[in-house]
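For reference, the chains in residue letters:
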Amino acid sequence: MSAPDKILREIISNILAHRDYSSAYTAQFVIEKDKIFTKNSNLPHGHGELQLNKFEPFPKNPTISKVFREIGYADELGSGMRNTNKYTKLYSGGTPVFIEDNIFQIMIPMENVAGLQVGPEETNKETNKETNKETNKETIVSKTTSDKIIEILGKKPEIAVKEIAGMLGMSSGGVRYHINKMKKAGIIGHVGSTKKGKWIVHK
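Described in the following lines is the structure provided in the data block. (Residues numbered from 1 in each chain as written. Predicted model: local features only at pLDDT ≥ 70, side-chain atom pairs only at ≥ 80, totals over all residues. Heavy atoms only, no water.)

## Description of a nonpolar patch on the surface
Basically, it comes down to this: Nonpolar side chains (Val, Leu, Ile, Met, Phe, Trp, Tyr) within 5 Å and like charges within 9 Å form the patches, drawn only from residues with over 30% relative accessible area and no salt bridge. Reported accessibility uses the Shrake-Rupley method at a 1.4 Å probe radius. Residues are deemed covered only where the shown protein chains occlude them. For this document, the term salt bridge refers to a Lys or Arg side-chain nitrogen within 4 Å of an Asp or Glu carboxyl oxygen. Helical segments are the DSSP runs of H or I of at least four residues, strand segments are the runs of E of at least two, and each set is numbered from the N terminus.
A contiguous nonpolar patch, built from Ile-12, Leu-16, Tyr-21, Phe-29 and Ile-31 and spanning about 470 Å² of accessible area, is present on the exposed surface. Elements supplying a minimum of two residues to the nonpolar patch: α1 (3–17) and β1 (28–31). If you trace the backbone, Tyr-21 turns up in the loop between α1 and β1.

Here you go:
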């Protein structure tokens, strides 16, 4: 099984094994050019972005999780998050984002593989290099959420991530995900301390 197949197996297993089945919220699995993301109803055990080195697994549906372990679709409690992180790094070099809330979200970055073409390696090598250089900024800029964040930062450079999240109706982890992508692409920057610093928009 290839790395992308393993990523899909882990996040689909997560949707099925950890869903809050008492909720009518429709589970979402969306594939975009630069990322895969899922949204699923959840009984949260905490709130905010989950950190792999601090994560404490908590069974949402123990009986379903047991079935997945028995059929080989899960290794142990908490293995899904670790495996998704490992396979994402192998495939795209990115780091997945897990957000624990009433709606559980997983975001898998795929921008580093978005420009790959099918064909002889030597024929596509130079094309891929140039394509990847030009598309990183364009992909981010075209996203509506990123545009809104840029507009907010331009009007209020000293704003905190939590306040942006409240204005956009998002979680703080979700806002940080977009901000980190834009910082990496050189679209925005931050100077000063976390509390007293300010944001700079470079476009």
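## A closer look at the side chain of Gln-105
Heads up, the rule is: Burial classes follow relative accessibility: with a 1.4 Å probe on protein chains only, a residue under 20% of its type's maximum area counts as buried, one over 50% as exposed, and anything between as partly exposed. Any pair of residues with heavy atoms lying within 4.5 Å of one another is described as a contacting pair.
Mapped onto the secondary structure, Gln-105 falls in strand β5 (residues 103–109). Gln-105 gets classed as buried once you look at its relative accessible area, which sits at 19%. Not counting chain neighbours up to four residues away, the residues in contact with Gln-105 comprise Thr-38, Lys-39, Val-97, Phe-98, Ile-99 and Ser-171.

## Details of the packing of aromatic side chains
Spelled out, the test is: Classification of ring pairs uses Phe, Tyr and Trp, with its six-membered ring standing for Trp, and accepts pairs whose centres are within 6.5 Å; under 30 degrees between planes counts as stacked, over 60 as edge-to-face, and the remaining range as tilted. A ring has a charge above it when a Lys NZ or an Arg CZ is no more than 6 Å from the ring centre and no more than 35 degrees off the ring normal.
Counted according to the given criterion, the structure contains zero aromatic pairs. The side chain of Arg-19 reaches across the aromatic face of Tyr-21, ending 5.9 Å from its centre.

## What about the packing of helix α6 (residues 161–168) against helix α7 (residues 172–184)?
Here is the rule we go by: Whenever a helix is involved, its axis is fitted only over the stretch in contact; in every case the axis is a line through C-alpha atoms, and angles between N-to-C directions fall within 0 to 180 degrees. Any angle between 65 and 115 degrees counts as roughly perpendicular, while under 35 counts as roughly parallel, over 145 as roughly antiparallel, and the rest as oblique. Classification used: nonpolar for Ala, Val, Leu, Ile, Met, Phe, Trp, Tyr, Cys and Pro, charged for Asp, Glu, Lys and Arg, polar for all others including Gly.
Between α6 and α7, the least distance of the axes is 8 Å, while the angle of their chain directions is 105 degrees. By the criterion of interaxial angle, the relationship of α6 to α7 is roughly perpendicular. Judged by residue contacts, Val-161, Lys-162, Ile-164 and Ala-165 of α6 engage Ser-172, Val-175, Arg-176 and Ile-179 from α7. Here the contact of α6 with α7 is built from residues that sort into five nonpolar, one polar and two charged.

## Considering α1
For clarity, the cut-off: Helices are assigned an expected span. That span is 1.5 Å times one less than the residue count.
Across its 15 residues, α1 extends 21 Å between first and last C-alpha, which sits within 8% of the 21 Å expected from 1.5 Å per residue. Of all the residues in α1, the buried ones are Ile-7, Arg-9, Glu-10, Ile-11, Ser-13, Asn-14, Ile-15 and Ala-17. For α1, the secondary structure elements touched by its buried residues are β1, β2 (35–41), α2 (62–70), α3 (79–91) and β5.

## So, the packing of α1 against α3
In helix packing, the relevant descriptors are the interaxial angle and the interaxial distance, both defined with respect to the helix axes. Put simply, the rule reads: Handedness of a helix crossing follows the sense of rotation of the near helix relative to the far helix, less than a right angle counterclockwise being left-handed and clockwise being right-handed.
Contact geometry for α1 and α3: axes closest at 9 Å, N-to-C directions at 155 degrees. Between α1 and α3, the interaxial angle falls into the category roughly antiparallel. Where α1 crosses over α3, the two elements pack in a sense that is left-handed. Along the contact surface, α1 presents Ala-3, Pro-4, Lys-6, Ile-7, Arg-9, Glu-10 and Ile-11, while α3 presents Gly-80, Asn-83, Thr-84, Tyr-87, Thr-88 and Tyr-91.

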